[in-house]
Amino acid sequence: MALTAIDPVPALAVIDLQKGIVATRNDSRTAAAVKQAICLTAEFRRHGLPVVLVNVTGRAPGRTEAKRPWSNAEPPSGWADLIDELDVRPTDHLITKRRRSAFHDTGLDTLLRDLGVTQIVLAGLSTSAGVESTARSACDHGYHVVLATDAMSDPDADAHRHSTERVFPKLGETATAAEITDMIGATR
């Protein structure tokens with residue numbers, strides 16, 4: 001479903017734009033998504049709207065066939081640091097997650113409710129993992145979910161397409177970063 005409205009208090013959540021993940025993805029899709037996520041971040045800040053920057057430092061302990069991007073039990077130093085281009089500000093809200101969803105055991109729901117947020121705009125990496133898991137949780141928590149489809153990327157193009165075309169329309173509304181920023185500008 002296309003974006004129909006911006007709530008009075010929307011928040012932007014940027015998922016996993018951290019040095020260790022971005023550095024492993026030197027493709028044009030990721031570069032374009034990072035650029036759009038940065039534009040969204042700047043626009044939310046410009047309008048005094050909440051910006052939540054999420055990084056990941058762990059994953060569920062269950063066994064999977066998927067390998068970690070590093071060989072040791074722990075990620076390399078600086079792996080979870082947010083990319084410099086996000087230009088973290090004192091007004092930003094920082095959330096560190098240890099699972100795929102930014103809502104799982106992080107206090108994100110409490111933070112958003114305390115801020116009066118009813119709508120969450122999602123951007124980041126990876127579309128089919130961190131972004132989709134967070135979108136599912138946001139929907140389950142009753143937020144109006146908006147997915148900035150050009151401000152997210154996945155190392156698997158088919159997984160990205162499946163999330164954006166099949167899953168996200170069931171969880172909320174989809175839009176480009178420009179459509180979101182235009183609607184924010186028109187309502188502020």
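The structure we're discussing is the one just above.
Just so it is clear, the structure is predicted and the values come from calculations on it, not from any experiment.

**Student:** Just checking my understanding: could you explain helix α6 (residues 177-187) for this structure?
**Tutor:** Each full turn of the α-helix corresponds to 3.6 residues, which orients residues three or four apart in the same direction. Inspection of α6 places A177, I180, T181 and I184 among the buried residues, and these make up the whole buried set. Buried residues of α6, seen end-on, are gathered within an arc of 95° and therefore sit on one face of the element. For α6, the exposed residues set more than 90 degrees away from the buried face come down to D182 and A186. Buried positions along α6 lie against α2 (28-46), β4 (119-125), β5 (144-153) and β6 (173-175).

**Student:** Sorry if this is basic, but what is going on with the sheet that holds β4 here?
**Tutor:** Sheet strands pair by backbone hydrogen bonding; their relative direction is either parallel or antiparallel. What the six strands build is an open sheet, ordered β3-β2-β1-β4-β5-β6; its pairing is parallel. Lying at the two open borders of the sheet, with one neighbouring strand each, are β3 (93-97) and β6. On average, each strand axis in the sheet is inclined to that of its neighbour by 25°, with strand direction left out of account. Note: strand β1 (residues 10-15) against strand β2 (residues 51-56), four bridges, orientation parallel. The partner of L12 across the bridge, within β2, is V51. Of the strands in this sheet, β1, β2, β4 and β5 touch α2, which is tilted by about 135° from β5.

**Student:** Mind showing me how you'd approach the packing of helix α4 (residues 127-140) against helix α5 (residues 157-171) here?
**Tutor:** Relative orientation and spacing of two packed helices are given, respectively, by the angle between their axes and the distance between those axes. Interhelical geometry of α4 versus α5 gives an angle of 5° and a closest axis separation of 11 Å. As far as their axial angle goes, α5 and α4 are roughly parallel. On the side of α4, the interface is formed by T127, S128, V131, E132, A135, R136 and C139, while α5 contributes A159, H160, S163, T164, V167, F168 and L171.

**Student:** Would you explain the nonpolar core in this entry?
**Tutor:** Soluble globular proteins: nonpolar side chains tend toward being buried together. Among the nonpolar cores identified, the biggest contains 30 residues, and V14, L17, L40, F44, L86 and I180 are the most heavily contacted of them. Of all the elements in the fold, those that place two or more residues in this core are β1, α1 (19-22), α2, β2, β4, β5 and α6. When sequence neighbours within four positions are dropped, the list of residues in contact with I180 reads L3, L40, F44, V121, V146, A148 and A175. In this structure, A102, F103, V117 and L122 belong to the second largest nonpolar core, which totals 23 residues.

**Student:** When you look at the pairing of β2 in this model, what are you seeing that I'm missing?
**Tutor:** Consecutive residues of a regular strand have side chains that alternate between opposite faces of the sheet. Judged by how many residues are buried, β2 sits mostly within the fold: six of six residues are covered. Burial along β2 is two-sided: the face carrying V51, L53 and N55 and the face carrying V52, V54 and V56 are both buried. As paired elements, β2 and β3 share five bridges and run parallel to each other. Counted as the bridge partner of N55 is T96 from β3.

Reading the values: the criteria
Residues numbered from 1 in each chain as written. Predicted model: local features only at pLDDT ≥ 70, side-chain atom pairs only at ≥ 80, totals over all residues. Heavy atoms only, no water. Buried < 20%, exposed > 50% of the residue type's maximum accessible area, 1.4 Å probe, protein only. Helix = DSSP H or I, 4+ residues; strand = E, 2+ residues; numbered from the N terminus. Arc of directions from axis to C-beta. Contact = heavy atoms within 4.5 Å. Pairing = 2+ DSSP bridges. Axes fitted to C-alpha atoms, helices over the stretch in contact; angles between N-to-C directions. Parallel < 35°, antiparallel > 145°, perpendicular 65-115°, else oblique. Core = buried A, V, L, I, M, F, W, Y, C linked by side-chain atoms within 4.5 Å.

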